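# Tertiary structure, described
If you want the building blocks of each chain, they are given just below.
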4 protein chains.
Amino acid sequence: MSEQGHNQLTTIVQRIESVEAEIKELGEGRKEIYLEAKSNGYDVKALKAIVARRRQDQEKLANHEMLVDTYEAALG
Amino acid sequence: MSEQGHNQLTTIVQRIESVEAEIKELGEGRKEIYLEAKSNGYDVKALKAIVARRRQDQEKLANHEMLVDTYEAALG
Amino acid sequence: MSEQGHNQLTTIVQRIESVEAEIKELGEGRKEIYLEAKSNGYDVKALKAIVARRRQDQEKLANHEMLVDTYEAALG
Amino acid sequence: MSEQGHNQLTTIVQRIESVEAEIKELGEGRKEIYLEAKSNGYDVKALKAIVARRRQDQEKLANHEMLVDTYEAALG
DNA sequence: CGGACAAGTTTGCCAC
DNA sequence: GTGGCAAACTTGTCCG
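Cut-offs applied
- Residues numbered from 1 in each chain as written.
- Chains lettered and ligands numbered in written order.
- Predicted model: local features only at pLDDT ≥ 70, side-chain atom pairs only at ≥ 80, totals over all residues.
- Heavy atoms only, no water.
- Least-squares fit on C-alpha atoms with pLDDT ≥ 70 in both.
- Contact = heavy atoms within 4.5 Å.
- Axes fitted to C-alpha atoms, helices over the stretch in contact; angles between N-to-C directions.
- Helix = DSSP H or I, 4+ residues; strand = E, 2+ residues; numbered from the N terminus.
- Parallel < 35°, antiparallel > 145°, perpendicular 65-115°, else oblique.
- Left-handed = near helix turned anticlockwise from the far one by under 90°.
- Nonpolar A, V, L, I, M, F, W, Y, C, P; charged D, E, K, R; others polar.
- Buried < 20%, exposed > 50% of the residue type's maximum accessible area, 1.4 Å probe, protein only.
- Polar contact = N/O pair within 3.5 Å; in protein donor to acceptor, adjacent residues only side chain to side chain.
- Near = heavy atom within 4 Å.
- Expected span 1.5 Å × (residues − 1).
- Salt bridge = Lys/Arg side-chain N within 4 Å of Asp/Glu carboxyl O.

### A closer look at the relation of the copies chain A and chain B
- For these two chains of identical sequence, chain A goes onto chain B by a turn of 177° and a shift of 0.3 Å along the axis, with RMSD 1.3 Å. Here the symmetry operator amounts to a two-fold rotation axis. Closest to the rotation axis within chain A is the C-alpha of Ile23(A), separated from it by 2.8 Å.
- Here 100% of the contact residues of chain A are again contact residues in chain B; the copies associate through an equivalent surface.

What follows is the structure in structure tokens.
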């Protein structure tokens, strides 16, 4: 029936909006963590720098692992 | 104990990284939803436009409430 | 002449700085308008809220036009 | 009459919006200058850095002048 | 001076 | 793969 397409669209949009609502919640949670840290005397900017740096380290590590896997595969 | 400050910092960073990991997961989930919709024949750009528009509507509504509060306060 | 590249760069920077000077002037003019309104008994915060709201309305309208275009394109 | 307050408010908002429209125009003009420079082979990021640096120099110079004036005044 | 708000800058994404 | 577009983050500004 012609209703089907509409319902499917509705479902898609709802799923996306649900996911985005969760993301927004988490983002606010993160902000609260930073504020709490700030009230405990931590420098937020420095904290963010640390987190960013560790994220880059992780990405670099992931790249390394991927390379190792690639080499292993190439070696049969 | 002298370990405390270190542990507090460690805890903060872990909590942030945990939240960010969840956000990343959800972002990937959203991407999959769009891909699935695309494979069902939907136009992704139009879908995103719809979601963006609905989000703006929500923001506008929230803004309206805030404005009412502002006016109330301004009227003393 | 070899002077040309330098002059072109000089011209560019001057044009940008000229524009930025005008922007700064206008920003100061806006501030004066708010101060004048305040001295006439208006609540500056509420005034700014009104202006912001009207701006959002305009943006929403512009967005609507964009959406219509998107839909048209999506419908091929 | 009660109309007066409304008209005054209207005038205020119109003046502000007029100023903001001019600011927006100028901002777009600046963007065009950067794009034009880019199409002439300049690095936009570097250009912006130059402009920012010169702005800081100007502020520093203005501070210096202000200090000189202050000293002159203090010396009678 | 500290937090709220806006501006600018950077980053990731998608279309070409 | 490149360049334009939209979103996130960072920086600066203004008010209380």
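Moving on from the model shown.
### A short note on the packing of helix 2 (residues 44-74) of chain B against helix 2 (residues 44-74) of chain C
- Direction vectors running N to C along helix 2 of chain B and helix 2 of chain C enclose 165°, while the axes themselves pass 10 Å from each other. In terms of orientation, helix 2 of chain B and helix 2 of chain C fall into the roughly antiparallel class. Taken as a pair, helix 2 of chain B and helix 2 of chain C cross one another with a handedness that is left-handed.
- For the contact of helix 2 of chain B with helix 2 of chain C, a count of residues per class yields 12 nonpolar, eight polar and eight charged.

### Looking at the environment of Glu20(A)
- As for its position among the elements, Glu20(A) is in helix 1 (residues 3-39).
- Residue Glu20(A) is classed as buried on the basis of its relative accessible area of 14%.
- Here Arg30(B) takes part through its side chain, which lies 2.7 Å from a polar atom of the side chain of Glu20(A).

### Observations regarding the protein's contact with DNA strand F
- Looking at DNA strand F, the residues that line it are Arg30(A), Lys45(A), Lys48(A), Lys31(C), Lys48(C) and Lys38(D).
- Atoms of DNA strand F within 4 Å of the protein belong to the sugar or the phosphate in 100% of instances, the rest to bases.
- Between DNA strand F and Arg30(A), the relevant distance is 3.1 Å, taken from a phosphate oxygen to a side-chain nitrogen or oxygen of the residue.
- Between a phosphate oxygen of DNA strand F and a side-chain N or O atom of Lys31(C), the distance comes to 3.4 Å.
- Here the residues of the surface near DNA strand F sort into no nonpolar, no polar and six charged.

### Thoughts on helix 2 (residues 44-74) of chain A
Residues and elements named next belong to chain A.
- If you check helix 2, its first and last C-alpha atoms are 45 Å apart, about what 31 residues at 1.5 Å a residue would give, namely 45 Å.
- Here helix 2 starts with a cap whose side-chain oxygen sits 3.3 Å from the backbone nitrogen of Lys 45, and that cap is Asp 43.
- One or two positions beyond helix 2, positive phi appears at Gly 76, with a value near 65°.

### Looking at the pattern of salt bridges
- On inspection of all chains with the given rule, the structure shows 18 salt bridges over all chains.
- With its nearest N and O atoms 2.5 Å apart, the salt bridge here joins Arg55(A) to Glu20(B). Residue Arg55(A) is found in helix 2, and its partner Glu20(B) is found in helix 1 (residues 4-39); the two belong to separate chains.
- Here the residues in one salt-bridge network are Glu20(A), Arg30(B) and Arg55(B), joined through shared partners.

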